[in-house]
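# Summary of the model geometry
As a plain string of letters, each chain reads:
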Amino acid sequence: MLTVNRLNQTEAKLIIDGAVIKAKEFGVPMCISVVDESGNLLAFERMDGGKIHSITLSQDKAFTAASARKGTHIFNQACIPGHENNLFGIHTALGGRMCIVGGGLPITYQGEVVGGIGVSSGSPEQDLGCAQAGVDTFEQLSS
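Residues numbered from 1 in each chain as written. Predicted model: local features only at pLDDT ≥ 70, side-chain atom pairs only at ≥ 80, totals over all residues. Heavy atoms only, no water.

### Looking at the sheet that holds strand β3 (residues 104–109)
What the four strands build is an open sheet, ordered β2-β1-β4-β3; its pairing is antiparallel. The open sheet has two edge strands with one neighbour each: β2 (41–46) and β3. The average undirected angle you get between the axes of adjacent strands in this sheet is 15°. Pairing of β3 with strand β4 (residues 112–120) involves six bridges; the strand directions are antiparallel. Across the sheet, the residue bridging to Gly-104 is Gly-118, located in β4. Packed on one face of the sheet, helix α1 (residues 9–26) meets β1 (31–36), β2, β3 and β4 and runs near 30° to β2. Sheet strands touched by helix α2 (residues 53–68): β1, β2, β3 and β4. Its angle to β4, the strand with the most contacts, is close to 155°. (Pairing = 2+ DSSP bridges. Helix = DSSP H or I, 4+ residues; strand = E, 2+ residues; numbered from the N terminus. Axes fitted to C-alpha atoms, helices over the stretch in contact; angles between N-to-C directions. Contact = heavy atoms within 4.5 Å.)

Following this line, the structure appears as structure tokens:
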């Protein structure tokens, strides 16, 4: 029998709130998804003006980060042909759900992945900055 730590709705909403604050600093309306440790959606917010395609992209970024246990930006670098750990083509895995664009991060608690956040609508750097703000909010809450 396994015991699994999982984010709850209150935590998921606070993570989104942290990402929203950063998005407002950037002046970019974002789509923000928080998933559980298996990549299943827990909470979502589309800020006014968030891009339509970013609804799905944010969910795929969060799914990738949680299920693969690493940031989506790491896959981006590894997909460059000739990279020593070449993963070119992984973005086509799982029906295209594996996202290699920056903006998805795993969320950990006591060294264990308990979820993921995915942010989309800005540049990869802005998306990653907002995702990191969400993770930072959770870490402040859980420490």
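From this point on, the discussion continues.
### Here we look at helix α4 (residues 124–142)
A rise of 1.5 Å per residue sets the reference length of α4, with its 19 residues, at 27 Å; its end C-alpha atoms lie 27 Å apart and thus fit the reference within 8%. On its buried side, α4 packs onto α1, α2, β3 and β4. (Expected span 1.5 Å × (residues − 1).)

Don't take any of this as a statement about function, it's just geometry.
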